[in-house]
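Now for the letters of each chain:
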Amino acid sequence: MHRRLTAALMSAGALALSLVFTSPALAQAKSAETPVCAKCHEESHTSIALTAHGARNDASGRLCQACHGDATEHLKDPTKIGMTNRFAKKLPGDDKSQICLACHDGHRQLTFWDSGKHRKNDVACNDCHNIHGKPGNPSVSPFVTTQRTLQYETCNTCHKNIRSQINRTSHHPIVEGKVACSDCHNPHGALSHAMVKNESVNQLCIDCHGDKRGPFIWEHAPVEENCLSCHNAHGSNHAKLLNEKVPNLCQDCHDWSRHPGTFYGGNNSFAPGTQNTRFLARSCVNCHQAIHGSNAPGNRGKFFTR
Ligand code: HEC
Ligand code: HEC
Ligand code: HEC
Ligand code: HEC
Ligand code: HEC
Ligand code: HEC
Ligand code: HEC
Ligand code: HEC
Ligand code: HEC
Ligand code: HEC
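Because the structure is predicted, anything quoted here is derived from the model rather than measured. (Residues numbered from 1 in each chain as written. Chains lettered and ligands numbered in written order. Predicted model: local features only at pLDDT ≥ 70, side-chain atom pairs only at ≥ 80, totals over all residues. Heavy atoms only, no water.)

This brings us to the site of ligand 4. Taken together, 17 residues sit near ligand 4, with H107, C125, C128, H129 and H188 positioned nearest. Contact distances for ligand 4 include 2.8 Å between a nitrogen atom and a side-chain N or O atom of H129. One of the side-chain N or O atoms of H188 is found 2.8 Å from a nitrogen atom in ligand 4. Listed by contribution, the elements that provide at least two residues to the shell around ligand 4 are α8 (93-104) and α10 (125-128). (Near = heavy atom within 4 Å. Polar contact = N/O pair within 3.5 Å; in protein donor to acceptor, adjacent residues only side chain to side chain. Helix = DSSP H or I, 4+ residues; strand = E, 2+ residues; numbered from the N terminus.)

Right, here's the structure in full:
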């Protein structure tokens, strides 16, 4: 990235200025002048000065122009906004993103931007990144980088269905600030399913839930296959992020004929004909506790019981 960056800056005619930076005395003299754009755009200038972009700006508005385009005409006559706002809503997302990518193309996190769902759906860098911050509230927090103070709020302005999921009774602690959307997704794009930050969903889950990794002598097939056979990644109204209530969850796959958790029917017991089994064996995981796999010997392990 740095090589590209240098190239971009040089092409903006900044070679001489980069020399200025190497001399502390000169640099000081420069910063004492009011930077040219700040004369008329004080707020825009201040908001940039407080960010990583500001650190690379200079009195001639080098970085301002890298994003907004050549301002020569505009400086001669400010009413000439030939350099119209290149980030206007109506413009194609891709054109806007290309301005940023001129410098950020080589960033590790942006490797799969082109194949990501966001680019393909006309989402631009500045739909998530708020370069100037809000008026009177320039972006200096770690979430600068996003439109709202909280990352998940930025995402959920568009992802309304996820917003409702993360507020369900059982949820990953996203609103609590312990897990971020970007802990699981690369918002810039990835080749994986749903742009998750790992090769597979299971690898992703296991990164944080290492105890579910195994290896187990007695594996439970769906666990090895996909955690999402039973869990929802964002939130659920059933305990422990489960897709369904137990026993329904289990009975989607397991036969009802053995010791089923059906409400009615006198024949459905462990020892047939013994008693009314209305509530018998409905809490499958009370007995099949090692539901993610077991290393215990014999039937205890084989049937994931305790
Ligand atoms: C002499 C005052 C003056 C200077 C210096 C100046 N501008 Fe402007 N600029 C204006 C005015 C006036 C407008 C148009 C009013 C408006 O819509 O805000 C404007 C508008 C803009 C816009 C918005 C265009 C749009 O479509 O909304 C950008 C971006 C901009 N200027 C960037 C710069 C940059 C970058 C510099 C420094 C290289 C700069 N300006 C220097 C006065 C100035
Ligand atoms: C990293 C790219 C970037 C840099 C650097 C940058 N801007 Fe902007 N600027 C934007 C984007 C993007 C917008 C559109 C609004 C938005 O999405 O936040 C914008 C909007 C503006 C506007 C329009 C008013 C508004 O807020 O909508 C002005 C004026 C402006 N910038 C001036 C400047 C000046 C002056 C500088 C240098 C001090 C500067 N910008 C540096 C990206 C940049
Ligand atoms: C002229 C080159 C240039 C352009 C154009 C540019 N950036 Fe940057 N950007 C930088 C530099 C330099 C940094 C400082 C970090 C670094 O050295 O990697 C940076 C940092 C960032 C950061 C990290 C901020 C932080 O707090 O760590 C984000 C996010 C970012 N840029 C987004 C954008 C977006 C979005 C655009 C387009 C609207 C854009 N940049 C355009 C050069 C540029
Ligand atoms: C869908 C929202 C979204 C879009 C679109 C987006 N970003 Fe980001 N970006 C983020 C989030 C969230 C982070 C913080 C990631 C983290 O903390 O791991 C981030 C971080 C960054 C960083 C800082 C990475 C670091 O070193 O910490 C850069 C640079 C960046 N984005 C540039 C861009 C550029 C350039 C584009 C457009 C090509 C873009 N982003 C589009 C959400 C987005
Ligand atoms: C614990 C990890 C994790 C966190 C945190 C997370 N996600 Fe996801 N997300 C996933 C997984 C795994 C999938 C794939 C789900 C599937 O295939 O059913 C997914 C799917 C998605 C999808 C596409 C499918 C759909 O349901 O629409 C979107 C959009 C999404 N997540 C957005 C978000 C947003 C926004 C946040 C933050 C509010 C977030 N995610 C937080 C793991 C996570
Ligand atoms: C400006 C609107 C917008 C914002 C903001 C936004 N997204 Fe998206 N996102 C989309 C669109 C449009 C799609 C493609 C359609 C879809 O799958 O819903 C998408 C798709 C996704 C997908 C699904 C990828 C797939 O393969 O199915 C994930 C995951 C995702 N976004 C995560 C995020 C995260 C995380 C953030 C915040 C950092 C975020 N989005 C912010 C608009 C947005
Ligand atoms: C970035 C780390 C991280 C990733 C990745 C992750 N989790 Fe979590 N998970 C957590 C945290 C933190 C908690 C809350 C733990 C607590 O409160 O003690 C949690 C809690 C849970 C819970 C219990 C919820 C409850 O209501 O008690 C389940 C189930 C769960 N995760 C499943 C998954 C699945 C399935 C995946 C993969 C899609 C996954 N996790 C990926 C961090 C993660
Ligand atoms: C066959 C269904 C099923 C599959 C597949 C499954 N789980 Fe679970 N998981 C459960 C059930 C049932 C519970 C609730 C256990 C309880 O209430 O005691 C649970 C609870 C959890 C919990 C919270 C309690 C704890 O034990 O820490 C986490 C975390 C978890 N699962 C992670 C995962 C991960 C990671 C995967 C994929 C590797 C996965 N699960 C696959 C059924 C499943
Ligand atoms: C997505 C389908 C699926 C779900 C949901 C599921 N299982 Fe399984 N389960 C399987 C498969 C497949 C096997 C392996 C069967 C085999 O090897 O014959 C298995 C094996 C078992 C075994 C060992 C049985 C044996 O014969 O070795 C037990 C006990 C078990 N599951 C209990 C449960 C419980 C309790 C739940 C609910 C918490 C559950 N399962 C949810 C698919 C599922
Ligand atoms: C009271 C404890 C208990 C409860 C509750 C329970 N099980 Fe079992 N389950 C067992 C025991 C013990 C075995 C081993 C039986 C054997 O040794 O033949 C077993 C065996 C199994 C087997 C494998 C053998 C077979 O019969 O196919 C499956 C599948 C199974 N249970 C599923 C479930 C499901 C689904 C539920 C909830 C509807 C459930 N269990 C509730 C104790 C229980």
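In this structure, H129 (NE2) and H188 (NE2) serve as the protein donors to the iron atom of ligand 4, at separations of 2.0 Å. The coordination sphere of the iron atom of ligand 4 comprises six donor atoms, whose angles at the metal cover 88 to 179°; the geometry is octahedral. Note that H129 is positioned in the loop between α10 and α11 (151-158) and H188 in the loop between α13 (181-184) and α14 (201-208), a separation of 59 residues in sequence. Taking relative accessible area as the criterion, H129 reaches 28% and is therefore assigned partly exposed. (Donors = N, O, S within 2.8 Å, 3.2 Å for Na, K, Ca; no water. Tetrahedral: all angles 85-135°; square planar, octahedral: opposite > 155°, others 65-115°. Buried < 20%, exposed > 50% of the residue type's maximum accessible area, 1.4 Å probe, protein only.)

This part takes up the nonpolar core. In this structure, Y152, I162, I166, I174 and C181 together form the largest nonpolar core, which totals five residues. Aside from chain neighbours lying at most four places away, what touches I166 is Y152, N156, H171, I174, V175 and H234. (Core = buried A, V, L, I, M, F, W, Y, C linked by side-chain atoms within 4.5 Å. Contact = heavy atoms within 4.5 Å.)

Around the iron atom of ligand 6, the protein contributes the donor atoms H118 (NE2) and H159 (NE2), at 2.0 Å from the metal centre. Coordination at the iron atom of ligand 6 comes from six donor atoms whose angles at the metal span 89 to 179°, giving a geometry best classed as octahedral. Here the residue H118 occupies a position in helix α9 (residues 117-120), and H159 occupies one in the loop between α11 and α12 (160-165), the gap between them amounting to 41 residues. Using a relative accessible area of 36% as the deciding quantity, one classes H159 as partly exposed.

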